[in-house]
Structures are given as structure tokens and as C-alpha cells.
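Structural overview
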Amino acid sequence: MAPRSATAAAAAAVVSFAVVAVALLPRPASSASVGVNWGTMMSHPIHPSAVVEVLRANGVDRVKLFDADPWTVAALAGSGVQAMLAAPNDQLASLARDPRRARAWVRQNVTANLDAGVDVRYVAVGNEPFLKSYNGSFINITFPALKNMQRALDEAGFGQCIKAVVPLNADVYSSPENKPVPSAGSFRRDINALMVDIVNFLQMNDAPFVVNIYPFLSLYQNPNFPLNFSFFDGGTKPVYDNGMVYTNVFDANFDTLVWSLRKAGVPDMKIIVGEVGWPTDGDKNANIKYAQKFYDGFLKKMAKNVGTPLRPGHMEVYLFALIDENQKSVLPGRFERHWGVLTYDGKPKSFMDLSGKGEGKYLVGVKGVQYLPSQWCVFNKDAKDKYKDLPASVNYACSNADCTPLGYGSSCNGLSHDGNISYAFNIYFQTMDQDVRACSFGGLAKITTENASQGGCLFPVQILSASGRVVPLRFLPASLVLFVFLFALVV
């Protein structure tokens with residue numbers, strides 16, 4: 001047997017060769033100045049190979065995932081698209097508790113995928129684990145999980161080229177209300193010591209800080225927030241801070257993080273924007289008009305490599321998200337299911353030039369999507385004797401399908417009394433793959449071949465699920481708000 005040091009050196013050489021070989025694979029004809037997030041929380045997913053073709057066709061050469069599902073990741077093999085894989089929050093406890101779990105995770109998800117030709121660059125350990133809404137559930141296990149994952153990457157010989165990171169929401173830092181400027185920013189008091197430890201560990205391993213920044217949420221969470229400060233055309237009063245001028249909230253938020261890192265002792269730490277985007281439905285400010293305005297300004301900014309006042313130059317960013325996901329939690333808001341730059345069936349929502357040149361063109365959509373028959377499930381107005389069952393029927397439909405477009409300020413908010421009922425019945429019918437039993441509701445519904453869409457409200461026809469199975473929507477208590485709203489419409 002070779003000496004241990006020689007064995008390690010040989011393994012490192014093999015690893016280096018494998019990584020270099022993957023890096024030399026043909027890359028997309030890159031016209032995009034950004035990467036994208038590819039989430040899969042939908043009842044009817046599009047085949048991963050078709051999604052990868054869309055990435056390549058649009059010049060996207062970087063993708064951030066939220067797990068390491070073999071069905072999804074395998075499609076990236078040989079594509080030249082760089083990947084950030086992820087261990088979800090529900091794996092943090094086991095990764096933190098047992099280093100062997102981290103070694104097994106690396107072996108199964110990094111080594112195997114590199115061998116298959118997937119260009120893995122990062123491993124995300126959890127996703128926004130320190131959100132206040134989690135009530136501290138992951139505070140004590142995230143850092144140990146991160147250390148075990150990086151150690152496992154090091155031991156496998158990948159540590160120099162593949163880094164473990166923790167994508168964090170921008171709520172981990174802030175400026176005080178009485179001094180809302182970037183220079184006053186610091187990490188949240190309840191996790192400050194932990195954040196200092198994490199960022200210094202990342203810095204020691206030459207790993208970046210991954211942050212998710214959402215100008216839309218600044219607007220959503222504060223009714224007095226100036227609308228134009230969310231965009232990039234300078235149409236609002238600027239913020240002045242120590243000689244720096246801020247004309248948009250993205251720059252101000254980013255530089256608040258820069259100040260927080262300075263105070264934590266890592267002033268030059270690399271920052272990646274892991275998520276940034278604008279939703280198109282589910283709220284009065286979530287619409288295609290505002291999304292197009294946001295992306296147009298943001299992509300031009302990225303293409304110019306102007307950076308921010310404190311960090312001028314190139315920025316690495318990932319748009320959120322690629323495709324709408326009708327299974328995302330609506331606890332943060334109904335807009336959560338409408339972040340995609342592509343619709344549920346892979347169609348572009350609006351003009352978008354990922355190169356940042358401002359050319360009025362659409363993204364390339366998914367090719368070869370197959371649909372169920374052109375039929376809809378609508379309210380049967382003749383069943384007057386059954387009207388007493390309407391609230392329960394609509395409740396059931398919206399408990400098992402996505403009724404978020406019916407909410408206040410959303411795309412279907414203007415429907416009539418009957419239209420709201422029809423939308424609920426149809427979206428359930430489509431989610432259940434147009435099973436005739438899903439369009440009964442005790443005689444309150446009927447199937448029609450006449451398109452039920454009205455005005456700007458799309459009554460969708462579902463696609464054939466590439467996974468060969470329908471995944472029922474998870475019932476979320478927050479959806480009760482929407483159900484109560486619908487009850488008021490049907491009684």
C-alpha cells in the first residue's frame with residue numbers, strides 16, 4: 001500500500017484532472033450577465049433536459065439549485081452550465097451531528113456528479129436558515145453542518161475548487177431605524193457572534209458570502225416605502241451616506257452587507273447575490289409591468305459592471321427564479337408562487353434581455369411542452385339547489401390547488417362572483433390532470449371546451465407532467481386568508 005500522503009496526493013491529482021476536464025466542456029454561448037435559480041416545487045415539472053436546453057439557448061452558464069435531486073442534476077452533465085448544489089434545511093441536523101453524513105453527501109452528490117460531467121462549483125448548506133420566521137430552529141446546527149461539509153469536500157480533494165456556502169436572507173443584517181443608512185449596518189444582534197464566526201470561516205476557506213436581496217420585499221413589507229427606490233432609473237430622492245449616493249434599494253442593501261462584513265473583520269470578502277428578482281402575480285405590486293421595469297434596469301446595471309458605491313465592478317448574481325412554482329409556501333405572501341421569468345409551461349412572461357443590452361426581445365422558451373386537452377372545469381349555474389355547498393367546495397379546491405391569482409391586487413382579482421368559483425374549480429381540475437371526478441363538486445361544476453379565461457385572467461390548461469406523477473399541493477394554513485376571501489365571494 002502507498003504511504004498515506006502519497007495516496008492523498010494521487011487522489012488530489014485525479015480530482016484536479018476531473019474538475020479541469022469538466023471545466024473544459026462546451027459552455028453555452030454566453031450572452032447572459034447573470035445566473036438563474038432553478039426551483040422544482042411545482043405539481044407538474046418540465047423535463048430537466050428541456051430546462052437545460054433553455055438555459056443554454058438563453059446563454060445562461062450558471063445555475064443555483066435547492067437540492068441535489070439526481071433527476072435534475074443529471075441533466076446538467078456535459079452542458080457546460082456551472083452548478084451550485086444544495087443540502088436543504090431538513091438535512092442540516094444530520095450533517096451537523098455526524099461528519100460521516102457529510103462525507104456520504106459529498107460522495108453521492110459531488111463526486112458522482114463530477115464523474116458524470118456536471119460542473120459543480122458550490123455546495124449550499126441550507127437555504128436562509130436564519131430567517132426570523134424559523135424561530136431559531138437552525139441557529140445551532142447550521143455552522144457545524146457547514147464545517148462538516150467543507151471538511152468533507154477537503155478530504156475528497158475538492159476543497160480548492162468547490163466551496164461550501166450558506167445562502168442567507170438579507171434579514172441577517174440591518175441598520176437601526178434611527179439611522180437607516182448602509183454605514184450603520186451590522187449583523188443582527190441575536191446572531192452577531194455566530195455570523196462573525198461563519199464569515200471568518202468562509203473567508204479562511206476562500207468561500208463567498210451568498211446573500212438573497214429582494215427590493216420587492218422592501219416595498220411589500222413597508223406601505224410607505226418609495227416605489228421608485230425599488231428600481232434603477234433614479235426616479236426618487238437619493239440617500240446620502242458618508243459621501244456615497246444611493247439611488248436604489250438594491251445598492252443600499254448590498255452595501256449594508258459590505259459594512260456588516262467590515263465590522264466582522266472581513267472587509268474584502270467576496271459576495272455573491274444568490275437570489276434577486278421580482279414576482280409577477282399575487283400582490284398589487286407583483287405584476288409583469290413592474291417586473292419588466294425591474295429586470296430591464298437591473299440587467300443593464302449588471303452588464304455595465306458598475307457594482308455598488310462601496311463595491312464597484314463585476315457582481316456575480318443569480319436571478320430568482322427560472323420557472324413559476326405552484327407548490328411554494330405562501331406564508332411570506334401569495335406572490336411566492338410567481339417569481340419565474342417563465343410561466344408554469346415554460347413560456348417567457350415579457351421582454352427580457354439577459355445580456356443587459358436592452359434589446360426588446362423575449363427569452364427562448366421551453367420547446368416541445370405537451371398539454372392536456374383544451375377543456376376547462378367551470379361553475380354549473382344550473383345547480384341552484386346545491387348552492388349551500390359552494391363555500392366548502394371552493395375551500396376544498398383551493399386547499400389542493402393554487403388559487404393565489406384570485407387574491408387582492410392579483411391578475412384574477414377582477415373576476416365576477418361566478419368567475420371566482422370557476423377559477424377555483426378549474427385550477428383544481430387541471431392540477432388533478434383533468435380527472436373527470438375532479439370536476440364534479442357534487443354537481444356544482446361541469447366540463448366545457450370553451451376557453452374560460454377572462455380579460456387578463458388566464459384559466460390555464462395543465463401540461464403533461466414530465467415526472468409521470470402529479471404531486472398534490474401542500475395545504476398551508478396561510479392559505480386560509482385566501483379561502484376566507486373566497487368564501488365572501490361565494491356566499
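One structure accompanies this document, and this report is about it. Numbers given for residues are sequential positions, taken from 1 along each chain in its written order. With pLDDT at 70 or above as the cut-off, local features in this predicted model cover only qualifying residues; side-chain atom pairs require 80 or more to be listed or tallied, and sums for whole chains, interfaces and linings still use all residues. Calculation of side-chain values draws on the structure's entire complement of heavy atoms; hydrogens and water are dropped beforehand.

This part takes up the nonpolar core. We define a nonpolar core as any set of buried Ala, Val, Leu, Ile, Met, Phe, Trp, Tyr and Cys residues linked to one another through side-chain atoms lying within 4.5 Å. Throughout this description, buried means an accessible area under 20% of the type-specific maximum (1.4 Å probe, protein chains only), exposed means over 50%, and partly exposed covers the range between. In terms of nonpolar packing, the biggest core is built from 117 residues, with Leu76, Phe187 and Phe209 touching the most fellow members. Only DSSP runs of H or I covering at least 4 residues are called helices, and only runs of E covering at least 2 are called strands; the numbering of each starts at the N terminus. Among the elements that line this core, the one with the most residues is helix 9 (residues 249-263), at eight residues. Setting aside anything within four residues of it in sequence, one finds leucine 76 in contact with Trp38, Val52, Leu55, Val63, Leu65, Val81, Ala83, Gly117 and Val118. Only heavy atoms enter the contact rule, under which two residues are in contact if any of them lie within 4.5 Å.

This part is about the layout of surface pockets. A cavity here means a set of 1 Å grid points, computed over protein atoms only, where a 1.4 Å probe fits but cannot escape. A pocket is an open set with protein on both sides within 12 Å along at least 5 of 7 lines, and lining residues have an atom within 4 Å of a point. Grid points are joined across faces, edges and corners, and a volume is the space filled by probe spheres set on the points. If you add up the space inside the second largest pocket, you get close to 880 Å³. Taken together, 42 residues make up the lining of the second largest pocket; nearest its centre are Asp324, Thr343, Tyr344, Leu458 and Pro460. It is helix 12 (residues 417-431) that provides the largest number of residues to the lining of the second largest pocket, a total of four residues.

Tracing the backbone shows threonine 404 in the loop between helix 11 (390-399) and helix 12. The exposure class of threonine 404 is buried, given its relative accessible area of 2%. Within polar-contact distance, the side chain of threonine 404 engages the side chain of histidine 338 at 2.7 Å. We call two N or O atoms a polar contact when they sit within 3.5 Å, provided that within protein one can donate a hydrogen and the other can accept it, with sequence-adjacent residues counted only if both atoms are side-chain atoms.

The subject of this paragraph is the sheet that holds strand 2 (residues 62-65). One open sheet holds the nine strands; their spatial order is 5-4-3-2-1-13-12-9-6, and the pairing between them is parallel. For this open sheet the edge positions go to strand 5 (163-165) and strand 6 (168-169), each flanked by a neighbour on one side alone. When DSSP locates at least two bridges between a pair of strands, those strands are taken to pair. Strand direction decides the pairing type here: strand 2 and strand 3 (residues 82-87), joined by three bridges, are parallel. Within the sheet, the bridge partner assigned to valine 63 lies in strand 3 and is alanine 83. Docked against the sheet, helix 5 (residues 99-115) engages strand 3 and strand 4 (119-125), running at close to 165° with respect to strand 3. Here the axes come from fitting lines to C-alpha atoms, over the contacting stretch only for helices, and the angles between their N-to-C directions go from 0 to 180 degrees. Here helix 6 (residues 142-155) sits on the sheet and contacts strand 3, strand 4 and strand 5; the angle it forms with strand 5, its principal contact strand, is near 170°.

Pairing of aromatic side chains here covers Phe, Tyr and the six-membered ring of Trp, requires ring centres within 6.5 Å, and sorts the geometry by plane angle: under 30 degrees stacked, over 60 edge-to-face, intermediate tilted. Under the defined criterion, the tally for this structure stands at 30 aromatic pairs. Between tryptophan 278 and phenylalanine 294 the ring centres are 5.5 Å apart and the planes differ by 35°, which places this aromatic pair in the tilted class. On the criterion of sequence distance, the pair formed by tryptophan 278 in the loop between strand 12 (271-276) and helix 10 (288-304) and phenylalanine 294 in helix 10 is long-range, its members being 16 residues apart. Phenylalanine 294 gets classed as buried once you look at its relative accessible area, which sits at 0%. Taken together, a centroid distance of 4.1 Å and an interplanar angle of 15° make the contact between phenylalanine 425 and phenylalanine 441 stacked. A residue pair is termed long-range when its members are at least 10 positions apart, and phenylalanine 425 in helix 12 and phenylalanine 441 in the loop between helix 12 and strand 15 (445-448) qualify at 16 residues. Neither residue differs from the other here; phenylalanine 425 and phenylalanine 441 are each classed as buried. The criterion is that NZ of a Lys, or CZ of an Arg, lies within 6 Å of the ring centre and within 35 degrees of the ring normal, and then a charge sits over that ring. Seen from the ring of phenylalanine 143, lysine 147 lies directly overhead, with NZ or CZ sitting 4.4 Å from the centre. Here the basic side chain of arginine 262 rests over the ring of tryptophan 259, its NZ or CZ set 4.7 Å away from the ring centre.

Turning next to empty space enclosed by the protein. Take a probe with the size of a water molecule and roll it over the atoms, and the empty space left behind shows itself. Considering all chains together, one arrives at four cavities of 30 Å³ or more under this definition. In this structure, the largest cavity encloses a volume near 80 Å³. Around the largest cavity, the lining residues are Thr280, Ile288, Ala291, Gln292, Tyr295, Gly340, Val341, Lys349, Ser350, Phe351, Met352 and Leu363.

On to the state of the cysteines. Note on disulfides: each one is a pair of cysteine sulfur atoms within 2.5 Å. Applying the stated criterion to the full structure yields three disulfides. Note that cysteine 377 is cross-linked by a disulfide to cysteine 439, the S-S spacing being 2.1 Å. Residues cysteine 377 and cysteine 439 share a disulfide whose torsion about the S-S bond is about 90°; that sign makes it right-handed. Of this pair, cysteine 377 sits in strand 14 (residues 376-379) while cysteine 439 sits in the loop between helix 12 and strand 15, and the two are 62 residues apart along the sequence. Across the pair, cysteine 439 and cysteine 377 agree in class, each one buried.

To continue, consider the pairing of strand 4. Most of strand 4 sits inside the fold, with six of its seven residues counted as buried. Pairing between strand 3 and strand 4: six bridges, direction parallel. Looking across to strand 4, one finds that methionine 84 is bridged to tyrosine 122. As defined by bridge partners, strand 4 adjoins strand 5 across three bridges and the pair is classed as parallel. Bridging across to strand 5, valine 123 finds its partner in alanine 164. Throughout, right-handed denotes a crossover for which the path from the first strand over the helix to the second runs clockwise when the strands point away from the viewer. Handedness of the crossover is the feature at issue here: the chain leaves strand 4, passes through helix 6, returns alongside strand 5, and the resulting connection is right-handed.

The next point concerns the pattern of salt bridges. Where charged atoms from two side chains of opposite charge come close, those side chains can pair. Each reported salt bridge corresponds to a side-chain nitrogen of Lys or Arg within 4 Å of a carboxyl oxygen of Asp or Glu. Tallying each qualifying case throughout the model produces 21 salt bridges. Linking glutamate 336 and lysine 328 is a salt bridge whose minimum nitrogen-to-oxygen distance equals 2.7 Å. Note on accessibility: glutamate 336 and lysine 328 belong to one class, buried. Aspartate 353 is the partner of lysine 361 in a salt bridge, and the nearest nitrogen-oxygen pair spans 3.8 Å. Lysine 361 gets classed as partly exposed once you look at its relative accessible area, which sits at 37%. For aspartate 353, a relative accessible area of 6% gives the class buried. Bridged by salt links that share partners, the residues Asp61, Arg62, Lys270 and Glu316 form one connected network.

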